[in-house]
Amino acid sequence: MKMTLTRDDLQAISDIFDARFDEKFDKKLDEVIEKKLDKKLDEKFEREFAPMKEDIRIMKGDIQDLKGSVDLLNVRVSRNTRKLRQLDLSVRHLEYISDKRFARLQDGMDTVEAILKMNHMIPC
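Model, not experiment: these values are computed from the prediction.

As for the pattern of salt bridges
1) Next: Applying the stated criterion across every chain yields a total of four salt bridges.
2) Next: A salt bridge links K53 to E46; the shortest N-O distance between them is 3.7 Å.
3) Next: The class for K53 is partly exposed, based on a relative accessible area of 47%.
4) Next: The salt bridge involving R92 is made with D88; its shortest N-O contact spans 3.2 Å. With R92 and D88 both in helix α1 (residues 7-118) and four residues apart, this pair spans about one turn of that helix.
5) Next: On the basis of relative accessible area, R92 is assigned to the exposed category, the value being 53%.

Rendered as structure tokens:
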């Protein structure tokens, strides 16, 4: 028994093969395009952002330098604060001693004035 394929049968087989081929071709084409696109994007990313990476690295170094300067300033502020407290204590001590000495001097002047008045050496 001989089997013959009609034109419609051949067209149906051709359509099935075309559909499978199109499916596999589209899938493979999508993979190739995606790989090339990923590669292009990676290259563009590196080209565009490499200078920014370098700038960021430089800024990090500058920030570290500034942090060191701030730390140094904090040490100086602490030292100056300590010295100002010592100076404040010295000034308070000087004021206390001066007040005592001026009071004693005033008492001595009052005594001299009283003696001079008693001896009628100054007018009363």
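Remarks on unusual backbone geometry
1) Next: For H120, which is not glycine, the phi torsion reads 50 degrees and is therefore positive.
2) Next: Residue position: H120 is located in the segment after α1.

Overview of the packing of aromatic side chains
How two aromatic rings sit relative to each other is given by the distance of their centres and the angle of their planes.
1) Next: Considering all chains together, one arrives at two aromatic pairs under this definition.
2) Next: Here F21 and F25 contribute two aromatic rings whose centre-to-centre distance is 5.7 Å and whose plane-to-plane angle is 15 degrees, an arrangement assigned as stacked. Taken together, the residues span about one helical turn, with F21 and F25 both in helix α1 at a distance of four residues.
3) Next: With 4.6 Å between their ring centres and 45 degrees between their planes, F45 and F49 make a pair best called tilted. With F45 and F49 both in helix α1 and four residues apart, this pair spans about one turn of that helix.
4) Next: Residue class for F49 comes out partly exposed when judged on its relative accessible area of 34%.

The rules behind the values
Residues numbered from 1 in each chain as written. Predicted model: local features only at pLDDT ≥ 70, side-chain atom pairs only at ≥ 80, totals over all residues. Heavy atoms only, no water. Salt bridge = Lys/Arg side-chain N within 4 Å of Asp/Glu carboxyl O. Buried < 20%, exposed > 50% of the residue type's maximum accessible area, 1.4 Å probe, protein only. Helix = DSSP H or I, 4+ residues; strand = E, 2+ residues; numbered from the N terminus. Phe/Tyr/Trp six-rings, centres within 6.5 Å; stacked < 30°, edge-to-face > 60°.

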